[in-house]
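Reading the structure
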Amino acid sequence: MNDPQTIRLNRRSTLRTLARSALALAPLPCFAAAPALRYRPDLRGPFPIPPAERGLLTVTARPFFKVSSEGLQLEGASFDRAGNLLFVDVFGGTVFKLTPGKVLSTVLPANALGSAGIAIHKDGRIFVAGLGNFVDTGSIFWINPDGSGLTTVVPASAGYLPDDLVFDADGGFYFTDFRGSSSDPIGGVYYVSPDFRTITPMLKNMAIANGVCLSPDGKVLWATELSAGRLHKVELANPTTIAPFGTAVPYHFNGFAPDSMRSDKDGNVYVAMYSQGRVLVFNPNGIAIGQVLLPKRESGHNLRSTSVGFIPGTDEMVILTNDAKGGEGSWIFHARGFAAGTALYSHR
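We now turn to the structure provided with this report. (Residues numbered from 1 in each chain as written. Predicted model: local features only at pLDDT ≥ 70, side-chain atom pairs only at ≥ 80, totals over all residues. Heavy atoms only, no water.)

Before going further, it helps to examine the overall build of the protein. A tally of helices and strands in the protein yields one helix and 25 strands. The globule rule puts the C-alpha radius of gyration for 348 residues at 20 Å, and the 28 Å found for the protein is more than 25% above it. Along the three orthogonal principal directions, the C-alpha set of the protein runs to about 115 × 40 × 40 Å. Across the 348 residues of the protein, 50% fall into the buried class. Taking contacts inside the protein between residues at least 6 apart in sequence as the whole, the part at least 24 apart equals 48%. Carbon and sulfur atoms form 57% of the exposed surface of the protein, whose accessible area is close to 16500 Å². Of the charged side chains in the protein, 31 are positive and 28 negative; the average position of the first set lies 13 Å away from that of the second. (Helix = DSSP H or I, 4+ residues; strand = E, 2+ residues; numbered from the N terminus. Rg over C-alpha atoms; globule rule 2.2 N^0.38 Å. Buried < 20%, exposed > 50% of the residue type's maximum accessible area, 1.4 Å probe, protein only. Contact = heavy atoms within 4.5 Å. Areas by Shrake-Rupley, 256 points an atom, 1.4 Å probe, with all protein chains shown as cover. Lys, Arg positive; Asp, Glu negative; His and termini not counted. Charge placed at Lys NZ, Arg CZ, Asp CG, Glu CD.)

Take a look at the structure:
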């Protein structure tokens, strides 16, 4: 016969078992339908327009010329005095020329110089910023309009990775140093004197400096910072001196990533947005006022917009892009800006 304590323990065990069985058989509680996130059309695609930029004046560019069925990394849109459009293929190093009649030819064949940016001297020489192997062979060189006479201006031994460049009114030029990362900002913007003998640092500690341009009067230097997503405005006292309290970062970009740029005669700045298939436009104070979208961007095509160039004397711009492996190839698109493009040194 069990003692009273054993009986009590058995009774508790039985009650626990019955309680667990009752809970297992009980119906689950009913919940009201939970709110769900749903895609809207303006949120579709890999790079939807950020909310703060959806109200900007917006136009969509039109196709102008298909360069290749392959996804060539086009860059450096610049026009010479004859109206030819010069541009490069970064990974192949090729320098191309597109005539006003849309005849495409090669000025400099494929090479290991990593051509990335172009600026044309008023004497017709084509200056090219080259990324080399993207590690330690970057340089700046010039060639004649026919591709001959390749001459190095900034050698690889100087330690830069030149990506873009722009001449000032004196014949010197600013260039961006594409080195660094978001956690190791060792890139910057530098000025090369008109005799090409002296290099002066202008902006340092940048996380991959990319695009560069000047205001119409040459008194404001603009630059983009790829990895940090920043737009820099620099007021100049002279070509190598920043005015007191003259630096500012008026805009932080959403998403990846600001690339090359141009200005217009009203002082507006046009920044190609790499991997976003669009160009953002800023007023002289760095306030976003407009944008140019590329066709099919909402479905993930033509996103690698790299470079903007104005047809001299007009408000018409060309935009270079490629579709990587998306099947659309490499294109030049066409749109119009707020004002005629700034007259570059090549046309003064």
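Right, picking up where we left off after that structure.
We now examine the side chain of glutamine 276. As for its placement among the helices and strands, glutamine 276 is situated in the loop between strand E20 (269-273) and strand E21 (278-282). Filtering out sequence-adjacent residues up to four positions away, glutamine 276 remains in contact with Phe47, Asn254, Gly255, Phe256, Ala257, Arg297, Leu303 and Ser305.

Looking along the chain, the bond that leaves phenylalanine 256 and enters alanine 257 is cis, with omega of 5 degrees. By the secondary structure assignment, alanine 257 is in the loop between strand E18 (241-252) and strand E19 (258-263). Residues other than glycine seldom take positive phi values, yet serine 275 does so here, at roughly 75 degrees. With respect to the helices and strands, the residue serine 275 is situated in the loop between E20 and E21. In this structure serine 275 comes out as buried when scored by relative accessible area, which is 12%.

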